[in-house]
Structures are given as C-alpha cells and as structure tokens.
Amino acid sequence: MLVNQGPAQLTAVDGPLDGLDGRHQHSFTSFAVVCITARDHTLPLRLNPNSSQENGRTVTTTTRITLAQRPTGLPDDSTWAVEKVELPGPAEGQVLVKVDHISLDPAMRGWLNDVRSYLPPVQIGDVMRATVTGTVVESRHRDFAVGDAVSGTLGATEYALSDGDDLQKIDTSVAAPATWLGALGMPGLTAYHGLHEVGEMTAGDTVVISAAAGAVGSVAGQLAKAKGCTVIGIAGGPDKCAWLTEIGFDAVIDYKSENVLKRLRQTAPDGIDIYFDNVGGDILDAALANLRRGARVVICGAISTYNDETLAPGPRRYMSLLVFRARMQGFLVFDYPDKDAAAIADMSALIGSGALVARETVVEGGVEDFGRTLLDLFEGRNTGKLVLKIA
Ligand SMILES: NC(=O)c1ccc[n+]([C@@H]2O[C@H](COP(=O)([O-])OP(=O)(O)OC[C@H]3O[C@@H](n4cnc5c(N)ncnc54)[C@H](OP(=O)(O)O)[C@@H]3O)[C@@H](O)[C@H]2O)c1
C-alpha cells in the first residue's frame with residue numbers, strides 16, 4: 001500500500017499459551033504500512049560503519065541482547081546477556097539492516113514466560129524479540145535497496161540479516177521512525193481495531209481508557225474524540241493527566257491519587273459505553289461497576305498483572321455484564337490484517353490534520369540499555385510510545 005499524506009505534523013518527540021501457529025509470528029509486523037520511496041541504489045556501503053572485509057567477504061560486528069534466564073517478577077540484569085557476534089554479508093535474497101530504534105512493549109514481559117500464548121516464548125539464548133526500525137545497509141534482495149528505511153521484528157540488536165519476509169518499507173517523510181513504531185505502528189493499530197472492531201464505537205459513546213497516556217491509550221482516546229465520543233482517561237500522575245487534557249480528553253482520573261470508582265461515577269454519571277482496558281486489576285473492577293446497558297469492555301491488556309508472581313483474583317464485578325447486558329472481549333492487534341491499511345491511512349490523515357497527536361518518549365542509548373529501558377514501562381516513565389534510539 002502506498003500512503004503519502006504529506007509530511008505529518010507531529011508534536012515534539014521528547015526525546016499468553018505457546019504459539020498458536022506460524023501465522024502470528026510471521027505477521028507480527030505485517031501491519032506496518034509499506035510506503036514506497038524513491039530508491040537510490042547508488043548509496044555507498046559506508047552506511048555500515050561496523051563492516052570489515054575478511055577474505056573478500058563483508059563481516060559486520062553487532063551487539064545484541066539475548067535471554068539469559070527467565071525472570072520471576074520484574075526482569076533485572078540477570079535476565080539478559082549482551083552478546084557481540086559477527087554477521088556475514090547478506091546471502092542472495094537477504095538484506096542487512098542497521099537498526100536505529102527499538103520498540104519497548106509491555107507484551108515483551110509475557111514473551112519471557114515459558115507458557116502457552118499467542119506467540120511462542122522467547123527461548124533462553126535467543127535474541128530478544130523486538131520490533132525495530134532501521135536502514136538497509138547491504139542488499140541482495142530484489143525488493144530492497146541500500147538506503148531504504150524499514151520496520152520489522154528483527155530483535156534487540158544493532159544489525160540484523162533479513163530475508164525480507166518480515167520487513168516493511170516506511171516513509172520517514174510521512175512520520176519519524178519512532179512514530180512508525182507508535183501511532184502508525186502496532187500500538188496505533190491496536191487502538192484503532194480495539195475501538196472499531198471490538199468496541200463498535202459510535203459517536204456519542206462515553207469511552208473510558210486506562211493507561212491513557214501510553215502508546216495505545218493516547219491514540220485510542222484521540223480516535224474516540226475524533227469520532228465524537230466523550231472520553232475519560234485514567235493515568236498515573238498530574239503531568240500525564242495535564243497532557244491528556246491538552247490533547248482533548250474530556251475528563252481525566254489520576255489513579256495514583258484519586259478514587260477511580262468514585263471519579264468514574266462523577267465523570268460518567270450515565271455509565272460507560274466502552275471501557276478500553278489496558279491495565280486490568282482494580283481499575284477494571286471500577287469500570288465494571290460503572291457500565292451502561294449494552295456496554296463493551298475491550299480487553300486490550302492487563303499491565304498491572306504482568307509481573308505478578310501469583311495469579312491475581314479475577315474481576316470481582318463481572319456480574320455487571322449480566323446486569324447491564326454488557327460484553328467483555330479480548331483481541332489481538334493481528335486479528336484484522338485486512339483492515340490495517342485503511343486504519344493507517346485514516347490515522348495518517350488525522351495526524352496530518354492535527355486531530356491526532358503522535359507522541360513518543362525516546363530514550364537514547366546503546367542496545368545494552370534495552371533491559372533497563374523496558375522497566376520504564378512498568379514504572380510509568382513513558383508518555384506515548386517508548387522507544388530506544390540506538391543510532
Ligand atoms: N491486545 C493487543 O494486541 C495489544 C497490543 C499492544 C499493546 N497491548 C496492551 O496494551 C497496554 C498498553 O500498551 P502500550 O504499549 O501502550 O504501553 P504504554 O501504555 O505506553 O506503557 C505502559 C503504561 O502502563 C501504565 N502502568 C504500568 N504499570 C501499571 C500498573 N500497575 N497499573 C496501572 N497502570 C500501569 C504506565 O502508565 P501510568 O504512568 O499511567 O501508570 C505505563 O506508562 C498493555 O497492557 C499492552 O500489553 C495489547
């Protein structure tokens with residue numbers, strides 16, 4: 001698909017169940033929009049400063065993060081190993097990509113557990129699974145040229161070889177690479193599909209979103225505003241709440257200092273039509289207690305539980321589903337591949353018009369900072385999409 005809505009007006013960048021099938025693994029980044037830019041096959045291999053010649057072959061040294069041991073609770077230094085390895089030049093049909101941004105996602109915590117989920121767990125010794133953006137620095141693939149900006153699930157690494165199957169071109173004149181990992185990447189699509197396909201959002205709905213200042217939540221809230229809904233965001237701390245007000249949320253609840261149950265009754269006196277749940281736990285219970293008849297509870301994630309060492313008690317107020325003839329449904333971003341292109345086109349247009357503010361928290365460092373940066377998600381240090389910039 002070709003998306004070219006003109007340069008986006010972006011705000012300042014500050015800065016479960018073993019694999020179901022190979023389809024999900026393969027399609028992890030198939031949502032990324034392919035934006036074809038003019039190719040320049042003449043760009044020199046100098047784009048790869050880590051390369052050297054050995055017996056006439058190019059060898060690239062890369063540092064990468066592998067899983068050293070499975071964590072109990074929060075991951076720490078013992079979870080990760082930092083490896084330095086040499087990659088050969090690309091074989092026929094392959095490209096070598098120099099990574100510039102690594103996405104940090106709450107789901108990564110789940111991928112470290114040896115349990116059945118929607119993707120197979122990362123194995124001990126494997127490079128940590130991560131979606132990245134980068135530049136093709138060597139190509140023996142007919143569809144990719146040196147200099148192409150790309151996105152793909154290449155892992156937490158400085159350089160990676162790819163056969164192109166899991167690689168999408170991105171247009172950095174439409175949006176910065178970090179945005180292709182955020183509002184125009186997997187989190188943006190999660191917000192979009194969650195609201196439209198699962199939440200069946202219609203104008204006039206009262207929509208409540210938790211982790212509202214994060215990558216998924218901030219896009220979801222703005223999409224709901226653009227649709228004509230009343231939007232209530234739940235987030236941690238005054239700075240995040242102030243930002244949500246600035247970008248148009250009708251009401252905000254600081255769950256760290258306010259009683260969420262009471263504040264939901266005040267801010268949504270007629271009840272909630274859509275609760276877009278990113279956190280689970282007590283906040284899910286508070287939302288369940290405030291539903292309107294026919295409500296849709298969209299289970300997107302449950303970050304408050306991801307590091308739990310024992311199973312938390314389930315939602316206590318689930319009988320609200322009966323009382324209010326409501327439904328609660330989980331989903332995965334991969335579930336609507338046929339709708340990804342239209343969703344990205346829609347969100348690109350909203351960014352272009354200023355109706356959707358794409359924000360990223362960009363941490364600058366080296367690939368060895370991956371583990372430390374991942375913890376920022378669980379400490380709420382990010383506003384918008386969290387990425388590690390290693391360029
Ligand atoms: N279903 C899918 O396909 C899909 C796809 C992508 C993401 N997700 C899920 O969507 C959710 C948001 O993901 P994201 O990438 O957008 O992350 P994010 O919201 O950008 O970052 C995580 C945020 O969660 C909040 N948080 C952390 N611990 C918390 C706790 N104990 N209680 C309440 N809030 C807590 C923090 O914000 P505060 O400072 O406000 O606490 C933090 O900034 C996650 O649950 C993720 O697993 C699901």
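- As recorded by an unreviewed UniProt entry, the chain carries the name NADP-dependent oxidoreductase and is attributed to Aeromicrobium phragmitis.

1. Concerning the overall build of the chain
Link 1 in the chain: Within the chain, the secondary structure is distributed over 11 helices and 16 strands.
Link 2 in the chain: A total of 391 residues make up the chain; the buried ones form 47% of that total.

2. Here we look at the site of the ligand
Link 1 in the chain: Residues in contact with the ligand amount to 31 residues; listed here are only the nearest, G214, A215, G236, G301 and G380.
Link 2 in the chain: Mapped by element, the contributors of at least two residues to the shell around the ligand are α4 (186-198), α5 (215-227) and α11 (370-378).
Link 3 in the chain: Partitioned by chemical class, the residues of the shell around the ligand number 19 nonpolar, 10 polar and 2 charged.
Link 4 in the chain: Each of two domains, domain 1 (58-182 + 359-390) and domain 2 (186-353), supplies a minimum of three residues to the shell around the ligand.

3. Some thoughts on the environment of A341
Link 1 in the chain: Looking at the element boundaries, A341 is found in helix α10 (residues 340-353).
Link 2 in the chain: Note on A341: 15 C-beta atoms within 10 Å, which makes it partly exposed.
Link 3 in the chain: With 152 residues separating them in the primary sequence, A341 and L189 have C-alpha atoms 9.6 Å apart.

4. Examining the environment of M201
Link 1 in the chain: On the secondary structure map, M201 appears in the loop between α4 and β9 (206-210).
Link 2 in the chain: Counting along the chain gives 73 residues from M201 to I274, while the straight-line C-alpha distance between them is 7.5 Å.

5. Brief notes about the packing of α4 against α10
Link 1 in the chain: With their axes 10 Å apart at the nearest point, α4 and α10 run at an angle of 105° to one another. As summarised for this structure, α4 and α10 are arranged roughly perpendicular, according to the angle between their axes. Residue-level inspection shows G188, L189, Y192 and H193 of α4 in contact with α10, the latter providing D340, A343 and M347.
Link 2 in the chain: Residues that form the contact of α4 with α10 fall into these classes: 4 nonpolar, 2 polar and 1 charged.

6. Thoughts on the pairing of strand β12 (residues 272-277)
Link 1 in the chain: Within β12, 6 of the 6 residues are buried, which leaves the element mostly enclosed by the surrounding structure.
Link 2 in the chain: Relative to β12, β9 runs parallel, the two being bridged by 3 bridges. Bridge pairing links I209 to F276 in β12.
Link 3 in the chain: Bridge analysis of β12 against strand β13 (residues 291-299) gives 5 bridges, and the strand direction is parallel. Opposite D277, over in β13, you have I299 as the bridge partner.
Link 4 in the chain: Handedness of the crossover joining β12 and β13 through helix α8 (residues 281-288): right-handed.

7. Comments concerning α5
Link 1 in the chain: If you check α5, its first and last C-alpha atoms are 19 Å apart, about what 13 residues at 1.5 Å a residue would give, namely 18 Å.
Link 2 in the chain: In terms of burial, α5 is largely enclosed, as 10 of its 13 residues are buried.
Link 3 in the chain: Along α5, the positions that sit buried rather than exposed are A215, V216, G217, S218, V219, A220, G221, Q222, L223 and A224.

8. Here's the deal with unusual backbone geometry
Link 1 in the chain: The backbone of E200 shows a phi angle near 45°, a positive value even though the residue is not glycine.
Link 2 in the chain: Residue position: E200 is located in the loop between α4 and β9.
Link 3 in the chain: Despite not being glycine, R325 shows a phi value in the positive range, around 45°.
Link 4 in the chain: Topologically, R325 is positioned in the loop between α9 (320-323) and β14 (327-330).
Link 5 in the chain: Accessibility expressed as a C-beta count within 10 Å gives 11 for R325, which makes it exposed.

Rules used throughout
Residues numbered from 1 in each chain as written. Predicted model: local features only at pLDDT ≥ 70, side-chain atom pairs only at ≥ 80, totals over all residues. Helix = DSSP H or I, 4+ residues; strand = E, 2+ residues; numbered from the N terminus. Buried ≥ 20, exposed ≤ 12 C-beta atoms within 10 Å, placed from the backbone. Near = placed C-beta within 6 Å. Nonpolar A, V, L, I, M, F, W, Y, C, P; charged D, E, K, R; others polar. Domains from an automatic or database assignment. Axes fitted to C-alpha atoms, helices over the stretch in contact; angles between N-to-C directions. Parallel < 35°, antiparallel > 145°, perpendicular 65-115°, else oblique. Contact = placed C-beta atoms within 7 Å. Pairing = 2+ DSSP bridges. Right-handed = clockwise from strand over helix to strand, strands pointing away. Expected span 1.5 Å × (residues − 1).

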